[in-house]
Amino acid sequence: MDILEGLASGFLIAFSPTNLLYVTLGVLIGTVIGLIPGLGPVAAIALLLPLTFELDPATAIMMLAGIYYGSMYGGRIPAILLRLPGDASAVVTTFDGYPLAQQGKAGPALGITAIGSFLGGTVAIIGLSFLAPTLAGVAGGVGAPDLFALALIGLLMIAFIGSGSKFKALAVAGLGILVATVGLDPISGQERLTFGSTGLLAGVDIVAVAVGMFGIGEILYNAEHGFYKGTKGLKLTNKLPSRADWVLSRFAILRGSVIGFFVGILPGGGGTISSVLAYGVERRVSKRPEKFGKGAIEGLAATETADNASSNSAFIPLLTLGIPPNPVLALIFGALLLQNITPGPNLVNEHPDVFWGVIASMYIGNILLLILNLPLIGVFVQMLRVRGSLMAPIILIVSICGVYSVRNSLFDVLTAIVFGVVGYLLRKVGFDLGPFILGFILGPILEVQFRRSMLMSDGSFSVFLERPLTLMVGVVIVGAIFASLVSYYRRRMARFKKQIHYDNEDIYI
């Protein structure tokens, strides 16, 4: 099946009434949940993951994908209007979005966000359509050592592009790997860390972990620090971007599309790094860099375009290599596993309805996102007036019922509550929860592929030096570690010299 035939069959699947309904629901639900400050695409998908268990695999992934890029846009509305980012990547949105809103340009700001997101997403989906099948064909020759190296670089990228302390990011990723080892050994079948519990023999359920940490844990954290109070009296102009706004933003949108597409493919890449990179590039090439941070609409356009482009192109490594490049795709990876579908090079041949149906649905969802969000901006603003204390009980009930419905297991509900407390404690001491889910998903891949590599080579580590892809990834890993060490050394030396300067001044005085 060639690319055009695959896309044609995908559109036939995506345009079926049921799938079209769920794509629309996904986009709407994602946008609404993105509006709630503190919740983002990870929490949204984690909470709704149990509901997809009874759906057809293609339908389930179409809906989750719609939630993903829908929440990306929804999170921008409170970031622009209230300076309340719905997720990490929306922080960059506040730099110019909020100043524009304060200047009475909230309508054009939200409008350019919707248009930029649509164009960036479209560019990424076109790239996904033509690159993913080709990469899937090449990926057929990818062996266990190559998959181990790719999974390893995915884990290491947590430290290099994550927010906050690198040590904390790696530590919480290591905790995720440890939790993933609970259950039966995938090679020998021996029990590991079950402590005699029959409920742990099948391992820790990803739905229980995700819902607990990102749903229940978030509620506990917000209960301590104060729920979002809502807003009243916010005025919004419904004007679209002017011609002058478009002239300022058109090349920013083009550059943001390219940057977001390529960053999204990288393991560990995603909205945050693509937004920061696109914003930095745009500020550097701008003829009016002094406007950035004070209401530069081209800075906002670049950020939002790159963010949406990266969220779409991130499906390439997931669908073709079975490597989730960010926490959101890690949850969608888990959703595919719940449907007894393993993402990877054989997905396009074994489940073409899922592969092509999801890609085709992204074209539809991207158009729906533009059509729905431009006229509904005023409605979404009204939803920001609902207090978080009213939403919390609803989210808690849905979370517990959803976890129970997957396997009809009270043990899973208890697991979700335990990990809710764990997630709350980690948040309380300043740990990011995203690396935990990446570690939980990538850990078993690392273990299985490493042990298969050792079996292939009779225990010789030379297998990692004999394959071009593994060697190339290894060079990248070593280079990244070396660059990080050099950067750390330079920061230490700069602080040391600064301290000597202060000490000398004290002596002189």
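Quick caveat: nothing in here was measured; it's all calculated off a predicted structure.

What counts as what
- Residues numbered from 1 in each chain as written.
- Predicted model: local features only at pLDDT ≥ 70, side-chain atom pairs only at ≥ 80, totals over all residues.
- Heavy atoms only, no water.
- Patch = residues over 30% accessible without salt bridge, like charges linked within 9 Å, V, L, I, M, F, W, Y side chains within 5 Å.
- Areas by Shrake-Rupley, 256 points an atom, 1.4 Å probe, with all protein chains shown as cover.
- Salt bridge = Lys/Arg side-chain N within 4 Å of Asp/Glu carboxyl O.
- Lys, Arg positive; Asp, Glu negative; His and termini not counted.
- Charge placed at Lys NZ, Arg CZ, Asp CG, Glu CD.
- Helix = DSSP H or I, 4+ residues; strand = E, 2+ residues; numbered from the N terminus.
- Expected span 1.5 Å × (residues − 1).
- Buried < 20%, exposed > 50% of the residue type's maximum accessible area, 1.4 Å probe, protein only.
- Arc of directions from axis to C-beta.
- Bend = angle between axes of the 7 residues up to and from the residue.
- Polar contact = N/O pair within 3.5 Å; in protein donor to acceptor, adjacent residues only side chain to side chain.
- Contact = heavy atoms within 4.5 Å.
- Axes fitted to C-alpha atoms, helices over the stretch in contact; angles between N-to-C directions.
- Parallel < 35°, antiparallel > 145°, perpendicular 65-115°, else oblique.
- Left-handed = near helix turned anticlockwise from the far one by under 90°.
- Core = buried A, V, L, I, M, F, W, Y, C linked by side-chain atoms within 4.5 Å.
- Phe/Tyr/Trp six-rings, centres within 6.5 Å; stacked < 30°, edge-to-face > 60°.
- Lys NZ or Arg CZ within 6 Å of the ring centre and 35° of its normal.
- pLDDT = per-residue confidence, 0-100.

## Some words on a positive patch on the surface
- On the surface, Lys166, Arg491, Arg492 and Arg495 cluster together into a positively charged patch.
- The dominant element in the positive patch, judged by the number of residues it contributes, is helix α23 (residues 468-508), at three residues.
- Tracing the backbone through its elements, the reader meets Arg492 in helix α23.

## Examining helix α9 (residues 166-180)
- In a regular helix each residue adds 1.5 Å, so 15 residues correspond to 21 Å; α9 covers 21 Å between its end C-alpha atoms and thus fits that length.
- Within α9, the full set of buried residues consists of Ala169, Val172, Ala173, Gly176, Val179 and Ala180. Down the axis of α9, the sector holding all buried residues measures 115 degrees, keeping them to one side.

## Quick notes on helix α11 (residues 243-265)
- Compared with an ideal rise of 1.5 Å per residue, which puts 23 residues at 33 Å, α11 spans 33 Å between its outermost C-alpha atoms and is within 8% of the ideal.
- At Ser249, α11 shows its maximal bend, which comes to roughly 40 degrees.
- Burial in α11 covers these residues: Asp245, Ser249, Ala252, Ile253, Gly256, Ser257, Ile259, Gly260, Phe261, Val263 and Gly264.

## With respect to the side chain of Asn366
- Mapping Asn366 onto the fold places it in helix α17 (residues 352-373).
- According to the relative accessible area criterion, Asn366 is buried, its value standing at 2%.
- Of the polar contacts made by the side chain of Asn366, one reaches the backbone oxygen of Phe118; its length is 2.9 Å.
- Setting aside residues up to four positions removed in sequence, Asn366 forms contacts with Tyr69, Ser117, Phe118, Gly121, Thr122, Ile125 and Asn308.

## Here's the deal with the packing of α9 against helix α21 (residues 434-456)
- Between α9 and α21, the shortest axis-to-axis distance is 7 Å and the interhelical angle comes to 45 degrees. Overall, the two elements α9 and α21 adopt an arrangement that is oblique. In this structure, α9 meets α21 at a crossing whose hand is right-handed. On α21, the residues that touch Ala169, Val172, Ala173, Leu175, Gly176, Ile177, Val179 and Ala180 of α9 are Pro435, Phe436, Gly439, Phe440, Gly443 and Pro444.

## Examining the nonpolar core
- Counting residues in each nonpolar core, the largest one holds 117 residues, and the members touching the most others are Phe315 and Ile437.
- Listed in part, the six residues of the second largest apolar core include Val263, Ala278, Ala302 and Ala306.

## Section: the packing of aromatic side chains
- This structure, assessed with the given rule, holds eight aromatic pairs.
- Aromatic side chains Phe261 and Phe262 sit 5.2 Å apart centroid to centroid with 80 degrees between the ring planes, which places their arrangement in the edge-to-face category.
- Looking at Phe262, the relative accessible area reads 53%, which means it is exposed.
- Among the aromatic residues, those joined into a cluster by ring pairs are Phe11, Phe15 and Tyr363.
- Stacked on the ring of Phe431, the Lys or Arg Lys168 has its end atom at 5.3 Å from the ring centre.
- We note Arg427 situated over the ring of Tyr221; from NZ or CZ to the ring centre the distance is 3.9 Å.

## Overview of the environment of Pro325
- For Pro325, the position within the fold is in the loop between α14 (315-321) and α15 (327-338).
- For Pro325, a relative accessible area of 1% gives the class buried.
- Separated by 174 residues in the primary sequence, Pro325 and Ala151 place their C-alpha atoms 9.1 Å from one another.

## As for the confidence of the model for the protein chain
- Mean pLDDT over the protein chain: 78, with 84% of residues reaching 70 or higher.
- Mean pLDDT values over the elements of the protein chain span from 63, in helix α18 (residues 377-383), up to 88, in helix α20 (residues 410-428).

## Quick notes on the pattern of salt bridges
- What the rule picks out here adds up to six salt bridges.
- In this structure, Asp185 and Arg451 form a salt bridge, with 2.9 Å as the shortest nitrogen-oxygen distance. Here the residue Asp185 occupies a position in the loop between β1 (183-184) and β2 (191-192), and Arg451 occupies one in helix α21, the gap between them amounting to 266 residues.
- Between Arg451 and Glu447 there is a salt bridge whose closest N-O contact spans 3.0 Å.

## Side note on unusual backbone geometry
- At Leu193, a position not held by glycine, the phi torsion is positive, near 55 degrees.
- Here Leu193 falls in the partly exposed class, since its relative accessible area comes to 39%.

## Concerning the side chain of Glu304
- With respect to the helices and strands, Glu304 occurs in helix α13 (residues 297-313).
- A distance of 2.4 Å separates the side chain of Glu304 from the side chain of Thr93, its partner in a polar contact.
- Once residues within four sequence positions are removed from consideration, Glu304 is found in contact with Arg76, Thr93, Thr113 and Ser117.

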